[in-house]
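Chain by chain, the residues:
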Amino acid sequence: MVRVRLENVSKYFGRVAAVIDLNIHVRDGEFVALLGPSGCGKTTTLLMIAGIYKPSRGRIFFDDEDVTDLPPKDRNVGMVFQSYALYPHMTVYDNIAFPLKLKKTPKSEIDRKVREVARLLQIEELLDRKPGQLSGGQQQRVALGRALAKEPDVLLLDEPLSNLDAKLRVYMRAELKKLQKELGVTTIYVTHDQVEAMTMADRIAVMNKGRLQQFDAPEVLYNRPANLFVAGFIGSPPMNFVEGSVVERNGEYFFEAGGFKVRLPAELGRIGAERGEVVLGVRPEDLEIYRRDGLGGVEASIYVVEPLGRDSIINVKVDGTVLKILAPAEIRVEPGQTVRIRFKPSRIHLFDKKTGRRLTYS
Amino acid sequence: MRLRVGRGILPWLFLTPLLVMILIAWVGPLILTVYLGFTDLSYRNFLAFIENFFTSKVHYTISNFQRILGLKDPKIAEVIRTTVIYVSGTLAINAFFSLLLSIAIAYFLRNEIASMILRVTWLLPRVTPGVIYALMWVWFVDPRYGMMNTLLSAVGVPKSWLPQSWILYTPYSRILMIMINGYVGASFGMIIYTAAIKSIPPDLINAALVDGASDFQVARRIIVPLLKWPMLFVTAWQTLSLLASYEYILMVWGGGRATSDAYGVASESGVLVWSLYSYGKAFAEKLYGYASALSMILVVIGLALIILYFKVFGFRRMMEPSKVEV
Ligand SMILES: Nc1ncnc2c1ncn2[C@@H]1O[C@H](COP(=O)(O)OP(=O)(O)OP(=O)(O)O)[C@@H](O)[C@H]1O
Ligand SMILES: [Mg+2]
C-alpha cells in the first residue's frame, strides 16, 4: 500500500489540455473519488497514474519514489477500465490469472489466488466462461478480480459501476466500499456520479475542464463548497442560485434581485456588500414553506410539485426565478397557490459573480 | 396504376446483372473446364471436336487424370515439388511476415512518419504495373548491371555465395521467385492486419500493459490471438491466389508461345509451378483436355487446403459469440 502524490501534473494531447496543474495527495489506504463531468480529464488522470500516459508536465510519486518515468509494468497498479477491457479470447480464469502469469508466479500459487479472488467476488462458477458470455455485472466483477489478484499497491477504478442497472449499482457501491476497507488498498475511484462519490469516498477531488476545483471530505464539499461549480455539482436536487447584489439598510444586510429580497446574517452581509455583484446559493432542503400569510420570508407562487415518495421537490417562482425546495411529502400545495418561503440564514452561501468563489469570513 | 414490385422480386432485380456476369465469367468456364478435363481435346482434333461439342461423338476419357495422378507425366513430380516450395515460401511472407510487419507498423512504431514510409514501401509494388515490376526485378538481379549482388556484397555476403545468375540457378531462382511474389503480395495481408490491429480497443492493450505485460507480450498474448480471423482469411485467400498465379514467373522466366520454348527457362531454373505448367499445356502445347484436368486438380487441392485451415484455426471456437468486436 502506498501514498500517491501528483505534483503540478498536466497532460496535453496536441493542443487539447486534458489535465491542468493537478495536485493531489492520496493517503495510504485512502479511498479517493475523482469526480467531474464527462471530458474533464478523469480517465486521463488515472492513465497517468497507471503509467499509460506520460504527463506533459509535473511528477507523480508513489510514497517517496518518483514513478513518472516508470512503465506501467513496474508500478504494481491494478486497474478496472470503463469498458472493463476483459481479454475476449481468454476465459475468466485466464483473465484473472494473466497478471500473475506475467509476474512468473508459480502455477499452484496462481491457482490459489485466482480461486481466492473468485470466492471473494462470488464469480467461482464463471471461471470457465469467456467474457462474451457474461452479463455487465459479472464482467465488472471479473475486471475487479483481475485488478485485485495481483495484489496491487494502488487500485484504480474508472467508472466501474456506470454500466450496471440502478439496483445493482446501489448494491455494488456498498460492496466495493466494504471490500476496499477490508483490503486497505489505496484506491482512486473515477465517477461522474456525485452520489457514488459522496457515499463511497473518504475524500473527493472535484474536477472540471482539466482543473481541480476542490479536494475535501464529502461533508466539506457539501457544506462548504469552494466555488459555484462544486456547489452546483454536488447535491441532488442541485443548489438554487440567484444572481443579485447585497445592500445595507439601517445596519442590516439584504440580498436583492429585483423583487427578491432576503435578509443575510451580518458577517456574510458585510463581505457580500463589499463585492457588489454576487450569486446567492441555497440548497433545496434549506428552504422552508409557510402557507400562512404572515411576517418574514419571501412571497412565492407554487410552480410545479415533483413527489418523490418520502419527500417532494416543490418548485416555486419568486419574481420570475424558479427555486427548488425539498419538503416533506405531507406538505400539500397546489400549483398557482401563493405561499411564503423562508431561508435558513446560516445555510445561505454567497459566491463572487466574477470568480465563482464562495465568500468566506473567519 | 403504379407497378408494384414485391419484396421477393426486388433483391433479384438488383442481383441479376452480377449473377449474369458470374454465370458468363465463372460458372461457364468452370463447367467447361470440368467437361474438357474428361476429353482428349487438343490441336490435333480441334475442328472435329468443335463440331461434336457436347455430343456422344466426343471421345470421353479419364486418361488425363490417370497420367497426372499416376505420375506418368514425367514433369508432374517436379511441378508438385516446385509448387509446394512456391506456395509455402511465398505464404510465409504474405501471411506471416506481413503479420510481423503489421504489428511493427501499427503497434511498435509510435513514429507516424517512419510507419508511413514502411507502409508505402510495401505498397509500391502493388501499384506498379505488373510488367514493369517484373522488368525491374530482371534488371535488379542482372549479373552485370544489377544491384542485387552489389548490395549483398556490401552487407558482407561472401562473393562465393553469390550466383552467376539469380534467374538460372537453383536455389537462387526459387528464392527470387518467392521474393518477387512475396514483396507484391505482402501488402494485401498488411492492409487487412493493420486495419484489424487498429480496431482492437485501446483499453484492451492498456489493460495488458497495466497487468504487467511488456510490448512484446502485448503483441504475442493479446494482439496475435485477436487476429485469428484476419490470419485465417489472409492465409486462405493467399493460398488460393498463389496456387493460381504464375504471371510473374511467366514474365521473368517464361518464353514465347511457340511449343518449343513454351516455359522459357522455368523448368531448367526450377520455378515451373503447377498453374504455369497448366497454362503452357493449354496455350503453348495446345493440349486443352490435359490442361483442363490439371486446373481441376488444382482447384480441388485449393478447396482441401481451405478446409484444413478451418480445422487448424479451430473454426468452431472462432464462431463462438463474443461481445467484443475485433
Ligand atoms: N488519446 C487522446 N487524444 C486526444 N485527446 C484526448 C485523448 N484522451 C482524452 N482526450 C481528451 O482529453 C479530455 C479529457 O478526456 P478524459 O477521457 O480524461 O475525460 P473523462 O473525464 O474520463 O470523461 P468521461 O467521463 O466521458 O469518461 C477530453 O477533452 C478528451 O477529448
Ligand atoms: Mg473517462
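Undergrad: In this structure, what is going on with the interface of chain A and chain B? I would like to understand it.
TA: Many authors give the size of an interface as the accessible area that is lost as the parts come together. Contact residues are listed per partner, giving 25 residues for chain A and 20 residues for chain B. Surface buried jointly by chain A and chain B totals about 2100 Å² across both partners, of which 63% is contributed by carbon and sulfur atoms. On the chain A side of the interface with chain B, the three residues burying the most area are Pro88, His89 and Leu102 of chain A, jointly 24% of the side's total. At the boundary of chain A and chain B, one finds 1 salt bridge. Put simply, Asp211 of chain B and Arg146 of chain A hold a salt bridge, and the shortest N to O gap is 3.5 Å.

Undergrad: Is there a simple way to explain the environment of Trp253 of chain B in this structure?
TA: All names here are of chain B. Note that Trp253 resides in helix H12 (residues 247-253). Along the chain, Trp253 and Leu272 lie 19 residues apart, while their C-alpha atoms are 9.0 Å from each other. When neighbours within four sequence positions are excluded, Trp253 is seen to be in contact with Ile167, Ser173, Leu176, Met177, Ile180, Tyr248, Tyr263, Gly264, Val265, Ala266, Ser269 and Val271. From its side chain, Trp253 meets the backbone oxygen of Ile167 in a polar contact 2.8 Å long.

Undergrad: Please clarify how the sheet that holds strand S16 (residues 298-307) of chain A should be interpreted in this entry.
TA: Strand pairing in a sheet relies on backbone hydrogen bonds. The paired strands run either parallel or antiparallel. All names here are of chain A. Spatially, the 5 strands line up as an open sheet ordered S15-S19-S16-S17-S18, and their pairing is antiparallel. Sheet topology places strand S15 (287-290) and strand S18 (321-328) at the edges, where each strand pairs with a single neighbour. Going across the sheet, the axis of each strand differs from the next one's by a mean of 45 degrees, ignoring polarity.

Undergrad: What exactly am I supposed to notice about the coordination of the magnesium ion (ligand 2) here?
TA: Geometry reference: four tetrahedral donors at a metal, ideal angle 109.5 degrees. Six octahedral donors, ideal angles 90 or 180 degrees. All names here are of chain A. The protein atoms that coordinate the magnesium ion (ligand 2) are Thr43 (OG1) and Gln82 (OE1), at distances of 1.8 to 2.7 Å. On the criterion of sequence distance, the pair formed by Thr43 in helix H1 (residues 42-50) and Gln82 in the loop between strand S6 (77-80) and helix H2 (92-102) is long-range, its members being 39 residues apart. Looking at Thr43, the relative accessible area reads 26%, which means it is partly exposed. For Gln82, a relative accessible area of 32% gives the class partly exposed.

Undergrad: Please explain the nonpolar core as it appears in this structure.
TA: Within soluble globular proteins, side chains that are nonpolar tend to cluster in buried spots. Grouped together as the largest cluster of nonpolar side chains are 105 residues, with contacts concentrated most on Val4, Phe62 and Leu156 of chain A together with Val218, Ile223 and Trp253 of chain B. In terms of residues, this core owes the most to one element, helix H4 (residues 76-108) of chain B, which gives 10 residues. Among all residues touching Phe62 of chain A, those that are not within four sequence positions of it are Val2, Arg3, Val4, Ile49, Val67, Arg75, Val77 and Val154 of chain A.

Undergrad: Mind showing me how you'd approach the environment of Gly145 of chain A here?
TA: Residue and element names in this part refer to chain A. As for its placement among the helices and strands, Gly145 is situated in helix H4 (residues 136-149). In this structure, the C-alpha to C-alpha distance between Gly145 and Ile24, residues 121 residues apart in sequence, is 27 Å. Setting aside residues no more than four positions away along its own chain, Gly145 makes contact with Ile96, Val117 and Leu121.

Undergrad: Even after reading the chapter, I still don't get the layout of surface pockets, so can you show me in this structure?
TA: To find leftover empty space, a probe the size of one water molecule is rolled over the atoms. All names here are of chain B. If you add up the space inside the largest pocket, you get close to 930 Å³. The wall of the largest pocket is formed by 31 residues, among which Pro29, Thr33, Ser295, Met296 and Val299 lie closest to the centre. Counting residues per element, the ones that place at least two in the lining of the largest pocket are helix H1 (10-37), helix H2 (46-51), helix H11 (228-244), helix H14 (274-283) and helix H15 (288-312). Looking at the lining of the largest pocket element by element, the count peaks at 9 residues for H15. Residue classes in the lining of the largest pocket are distributed as 25 nonpolar, 6 polar and no charged. For the second largest pocket, the calculated volume is near 680 Å³.

Undergrad: What is the right way to read unusual backbone geometry from this model?
TA: Peptide bonds are mostly trans, and most non-glycine residues show a negative phi. Look at the link from Ser236 of chain A to Pro237 of chain A: it is a cis peptide, with omega at -5 degrees. One can find Pro237 of chain A in the loop between helix H8 (228-233) and strand S11 (240-249). At the junction of Thr170 of chain B and Pro171 of chain B, the peptide bond is cis and its omega measures out at 0 degrees in the coordinates. Within the secondary structure, Pro171 of chain B is located in the loop between helix H7 (148-154) and helix H8 (172-198). For Ala85 of chain A, which is not glycine, the phi torsion reads 50 degrees and is therefore positive.

Cut-offs applied
- Residues numbered from 1 in each chain as written.
- Chains lettered and ligands numbered in written order.
- Predicted model: local features only at pLDDT ≥ 70, side-chain atom pairs only at ≥ 80, totals over all residues.
- Heavy atoms only, no water.
- Contact = heavy atoms within 4.5 Å.
- Buried area = accessible area lost by both parts, 1.4 Å probe.
- Salt bridge = Lys/Arg side-chain N within 4 Å of Asp/Glu carboxyl O.
- Helix = DSSP H or I, 4+ residues; strand = E, 2+ residues; numbered from the N terminus.
- Polar contact = N/O pair within 3.5 Å; in protein donor to acceptor, adjacent residues only side chain to side chain.
- Pairing = 2+ DSSP bridges.
- Axes fitted to C-alpha atoms, helices over the stretch in contact; angles between N-to-C directions.
- Donors = N, O, S within 2.8 Å, 3.2 Å for Na, K, Ca; no water.
- Buried < 20%, exposed > 50% of the residue type's maximum accessible area, 1.4 Å probe, protein only.
- Core = buried A, V, L, I, M, F, W, Y, C linked by side-chain atoms within 4.5 Å.
- 1 Å grid on protein atoms, 1.4 Å probe; cavity = no way out; pocket = protein on both sides within 12 Å on 5 of 7 lines; lining within 4 Å.
- Points joined across faces, edges and corners; volume = space filled by probe spheres on them.
- Nonpolar A, V, L, I, M, F, W, Y, C, P; charged D, E, K, R; others polar.

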